[in-house]
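The residues making up each chain are set out below.
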Amino acid sequence: MKLTSYSNFSLRVLMVAAARSPALTTIGDVAGAFGISKAHLTRCVHQLGQWGYIETIRGNGGGFRLARDAEAISVGEVIRHTEEGFDVVECFDVEATTCPLVARCRLRPALLRATEVFLNALDGFSLADITENGGELLDRLALQSPAATCERARAVA
């Protein structure tokens with residue numbers, strides 16, 4: 001199974017937001033860190049906001065942050081939102097399939113079960129689980145953690 005770039009980018013947005021929580025993150029931060037187009041990320045951020053995963057703050061000094069606790073966001077839930085469907089073979093859509101074996105085939109149920117197992121496994125991971133090493137992730141991406149941002153603000157004051 002291969003996930004779309006949209007799912008990949010959406011998960012990256014959520015991971016950075018979780019690692020930087022409760023600080024705001026900008027689309028520019030994520031785009032620069034991953035070398036991804038701002039236009040692609042804008043679409044992801046907008047939709048993640050519509051689904052209630054992040055809240056967005058407009059204007060100068062704005063950005064986005066998690067709208068829910070990272071523990072309450074299941075990776076499987078996000079993938080179900082970001083993927084169009086999980087028809088890994090044509091016969092998953094019984095009405096549209098052209099395969100003459102569909103009524104007798106045992107491959108289809110096996111692949112359906114494998115897809116179910118895949119999604120159930122992802123349901124077992126929260127955003128918090130995959131960002132436990134948030135400081136390391138931010139270091140690797142050359143992004144500041146919320147603690148570093150606070151320390152810098154105190155040093156300037």
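Residues numbered from 1 in each chain as written. Predicted model: local features only at pLDDT ≥ 70, side-chain atom pairs only at ≥ 80, totals over all residues. Heavy atoms only, no water.

**Student:** Sorry if this is basic, but what is going on with the overall build of the protein chain here?
**Tutor:** Along the protein chain, the regular secondary structure elements total 8 helices and 2 strands. Ordered by position from the N terminus, the helices and strands of the protein chain form the series α-α-α-β-β-α-α-α-α-α. Relative to the 2.2 N^0.38 estimate, which gives 15 Å for 157 residues, the radius of gyration of the protein chain is 19 Å and therefore markedly larger than a compact globule would have. Projecting the C-alpha coordinates of the protein chain onto the three principal axes gives extents of approximately 75 × 30 × 25 Å. Relative to its 157 residues, the protein chain shows a buried fraction of 33%. (Helix = DSSP H or I, 4+ residues; strand = E, 2+ residues; numbered from the N terminus. Rg over C-alpha atoms; globule rule 2.2 N^0.38 Å. Buried < 20%, exposed > 50% of the residue type's maximum accessible area, 1.4 Å probe, protein only.)

**Student:** Could you clarify how one ought to interpret the pairing of strand β2 (residues 63-66) in this entry?
**Tutor:** Across a regular strand the side chains alternate sides, sitting on one face of the sheet and then on the other. As paired elements, strand β1 (residues 54-57) and β2 share 4 bridges and run antiparallel to each other. Looking at the pairing, Thr56 lines up with Phe64 of β2. Counted between consecutive antiparallel strands, the loop separating β1 from β2 contains 5 residues, among which Gly59 sits at a positive phi close to 95 degrees. (Pairing = 2+ DSSP bridges.)

**Student:** I tried to follow the packing of helix α4 (residues 75-82) against helix α5 (residues 107-123) on my own but got confused; where do I start?
**Tutor:** How two helices pack is summed up by the angle between their axes together with the distance between the axes. Interaxial distance between α4 and α5 falls to 6 Å at its minimum, and their mutual angle equals 125 degrees. Put simply, α4 runs oblique to α5. Residue-level contacts link Val75, Gly76, Glu77, Ile79 and Arg80 of α4 to Leu119, Asn120, Leu122 and Asp123 of α5. (Axes fitted to C-alpha atoms, helices over the stretch in contact; angles between N-to-C directions. Parallel < 35°, antiparallel > 145°, perpendicular 65-115°, else oblique. Contact = heavy atoms within 4.5 Å.)

**Student:** Where do I start with the environment of Arg108 in this structure?
**Tutor:** Structurally, Arg108 is set in helix α5. On a C-alpha basis, the gap between Arg108 and Glu90 in space is 9.4 Å, while along the polypeptide they are 18 residues apart. Other than its neighbours up to four places away in sequence, Arg108 contacts Cys91, Phe92, Val94 and Val102.

**Student:** What is the right way to look at the pattern of salt bridges in this model?
**Tutor:** Any two side chains of opposite charge can pair if their charged atoms end up close together. Overall, the coordinates contain 5 salt bridges when judged by the stated rule. We note a salt bridge from Arg20 to Asp29, for which the minimum N-O separation is 3.1 Å. With a relative accessible area of 8%, Arg20 lands in the buried category. Its salt-bridge partner being Arg65, residue Glu55 comes within 2.8 Å of it at the nearest N-O pair. Residue Glu55 is found in strand β1, and its partner Arg65 is found in strand β2; the two are separated by 10 residues along the sequence. Residue Glu55 is classed as partly exposed on the basis of its relative accessible area of 36%. (Salt bridge = Lys/Arg side-chain N within 4 Å of Asp/Glu carboxyl O.)

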